[in-house]
Amino acid sequence: MHGRRDELAAALARVRGRIAAACAAVGRDPAQVRLLPVTKTFPARDVALLADLGLLDAAEARDSEAVAKMAEVVALRPAVGVRWHMVGRLQRNKSRSVARWAVQVQSVDSARLVEALDRAARAAGEAGQRHGALGVLVQASLDGDPARGGCPLPRLEALADRVAAASQLRLEGVMGLAPLGADPEAAFAQLGAAAQRLRRSHPGAVEFSAGMSGDLEQAITHGSTCVRVGTALLGDRPLTSS
Ligand SMILES: *Cc1c(COP(=O)(O)O)cnc(C)c1O
């Protein structure tokens, strides 16, 4: 599979080039922008190859897919500890599972989910299945589209307060998606302002996760500290999965 490795290396160089150029354009240090590969729908072998290229974080959007893939990655690269992130819509009944494998959940958008994750992280800790608090980003919604998740901006601060008060969770920042079919600039400006406000009341909430394959430049312009990149690294996904 040397071909695929070379393909991924070339794509990684292109994405890093885009991040560097976007940072240079606004005088930011590229070291402040984390590249988080979104590996949903792609096979475990790709995660292993990305790890070979130095990318030791991976994000998934579905619990069941993540659990299966993780086991395969361990079998492929027993010595490599990939850190797994959850970025997709999360049903409360998946909290128990996600709390066992995720270092960070970026898609927390309701008080009920906060409670479920806090309980789940405690149970996982007591069972020896996780060590330390579960990192959480509160997901903001700018388009009110329930299918894409997110908490309305006016309620974001209160949600963040709940995460901060949960003993097994650690508030790490804000995540957001640009509305579909609209100019991402305005959305990222709004999100960036919300992330900054949150940092004032919660100094540890330093992360602002925004920007994907199609709009990472605009997100970086508005302060993104984490770009979640799928297709630009890994290629096109089948249309049936999201
Ligand atoms: C799939 C997904 C991404 C990556 O999208 P690309 O356009 O493939 O880069 C980023 N964030 C979330 C929440 C996703 O579900």
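Whatever comes next refers back to the structure up there.
For clarity, every value in this text was computed on a predicted model and none was experimentally measured.

Undergrad: Can you help me understand the overall build of the protein chain in this one?
TA: A count of helical and extended segments in the protein chain gives 9 helices and 9 strands. Relative to its length of 242 residues, the protein chain is compact, with a C-alpha radius of gyration of 17 Å against a globular reference of 18 Å. Residues counted as buried form 50% of the 242 residues belonging to the protein chain. Of all intrachain contacts in the protein chain linking residues separated by at least 6 positions in sequence, the fraction that spans at least 24 positions is 67%. One finds the centroid of the 31 positive side-chain charges in the protein chain at a distance of 4 Å from the centroid of its 25 negative side-chain charges.

Undergrad: Explain unusual backbone geometry here, please?
TA: If you check the backbone angles, T41 has positive phi at about 70° while not being a glycine. Among the structural elements, T41 can be located in the loop between β1 (34-37) and α2 (44-52). For T41, a relative accessible area of 23% puts it in the partly exposed group.

Undergrad: Teacher, can you tell me more about the pattern of salt bridges here?
TA: Where charged atoms from two side chains of opposite charge approach closely, those side chains can pair. Counted under the stated rule, the structure contains 12 salt bridges. Between K69 and E65 there is a salt bridge; the shortest N-O distance is 2.8 Å. In this pair, K69 and E65 both sit in helix α3 (residues 63-76), 4 residues apart, roughly one turn of the helix. Among the salt bridges present, the one from R89 reaches D109, with a minimum N-O distance of 3.1 Å.

Undergrad: Quick question: what am I supposed to make of the site of the ligand here?
TA: Taken together, V38, K40, V87, L177, M212, S213, R228, V229, G230, T231 and R237 make up the full set of residues near the ligand. A distance of 2.8 Å separates an oxygen atom of the ligand from a polar atom in the backbone of G230. When the ligand sits alone it has 390 Å² of accessible area, and the protein chains cover 88% of it. Partitioned by chemical class, the residues of the shell around the ligand number 5 nonpolar, 3 polar and 3 charged.

Undergrad: Looking at this structure, how should I read the side chain of D109?
TA: Residue position: D109 is located in the loop between β4 (102-108) and α5 (111-126). Within the structure, D109 has its side chain in polar contact with the side chain of R89 (distance 3.1 Å). Of the polar contacts made by the side chain of D109, one reaches the backbone nitrogen of G150; its length is 2.9 Å. Sequence-distant contacts of D109, that is, excluding residues within four places in its chain, are made with R89, Q139, G149, G150, C151 and L159.

Undergrad: Just to check I follow, could you spell out the side chain of D46 for this structure?
TA: Looking at the secondary structure, you find D46 in helix α2. A relative accessible area of 3% means that D46 is categorised as buried. With residues near it in sequence (within four places) discarded, D46 still touches R4, L8 and L234.

Undergrad: Quick question: what am I supposed to make of the layout of surface pockets here?
TA: One simple way to see leftover space: roll a probe sized like a water molecule over the atoms. In this structure, the second largest pocket occupies an estimated 180 Å³ of space. As for the second largest pocket, its lining consists of 14 residues, of which D109, G150, C151, P152 and R155 are closest to the centre. Per-class residue counts for the lining of the second largest pocket are 5 nonpolar, 5 polar and 4 charged.

Undergrad: Sorry if this is basic, but what is going on with empty space enclosed by the protein here?
TA: A full pass over the atoms with the stated rule returns 1 cavity of 30 Å³ or more. Of the pockets and cavities examined, the largest cavity occupies roughly 30 Å³. Q139, A140, S141, L142, D143, R148, G149 and L177 are the residues that line the largest cavity. A per-class count over the lining of the largest cavity returns 3 nonpolar, 3 polar and 2 charged.

Undergrad: Quick question: what am I supposed to make of the packing of α2 against α3 here?
TA: Put simply, α2 and α3 touch, their axes get as near as 8 Å, and they point 50° apart. With respect to each other, α2 and α3 are oriented oblique. The handedness of the crossing between α2 and α3 comes out as right-handed. Contacts from A44, R45, V47 and A48 in α2 reach K69, E72, V73 and L76 in α3. When the residues that make up the contact of α2 with α3 are grouped by side-chain class, the tally is 5 nonpolar, no polar and 3 charged.

Undergrad: How should I be thinking about the environment of A44 in this particular structure?
TA: For A44, the position within the fold is in helix α2. Looking at A44, the relative accessible area reads 3%, which means it is buried. Considering only alpha carbons, one finds A44 and A68, 24 residues apart in sequence, at a separation of 8.9 Å. With residues up to four places along the chain from it excluded, the contact list for A44 reads K69, E72, V73 and L76.

Criteria and thresholds
Residues numbered from 1 in each chain as written. Predicted model: local features only at pLDDT ≥ 70, side-chain atom pairs only at ≥ 80, totals over all residues. Heavy atoms only, no water. Helix = DSSP H or I, 4+ residues; strand = E, 2+ residues; numbered from the N terminus. Rg over C-alpha atoms; globule rule 2.2 N^0.38 Å. Buried < 20%, exposed > 50% of the residue type's maximum accessible area, 1.4 Å probe, protein only. Contact = heavy atoms within 4.5 Å. Lys, Arg positive; Asp, Glu negative; His and termini not counted. Charge placed at Lys NZ, Arg CZ, Asp CG, Glu CD. Salt bridge = Lys/Arg side-chain N within 4 Å of Asp/Glu carboxyl O. Near = heavy atom within 4 Å. Polar contact = N/O pair within 3.5 Å; in protein donor to acceptor, adjacent residues only side chain to side chain. Areas by Shrake-Rupley, 256 points an atom, 1.4 Å probe, with all protein chains shown as cover. Nonpolar A, V, L, I, M, F, W, Y, C, P; charged D, E, K, R; others polar. 1 Å grid on protein atoms, 1.4 Å probe; cavity = no way out; pocket = protein on both sides within 12 Å on 5 of 7 lines; lining within 4 Å. Points joined across faces, edges and corners; volume = space filled by probe spheres on them. Axes fitted to C-alpha atoms, helices over the stretch in contact; angles between N-to-C directions. Parallel < 35°, antiparallel > 145°, perpendicular 65-115°, else oblique. Left-handed = near helix turned anticlockwise from the far one by under 90°.

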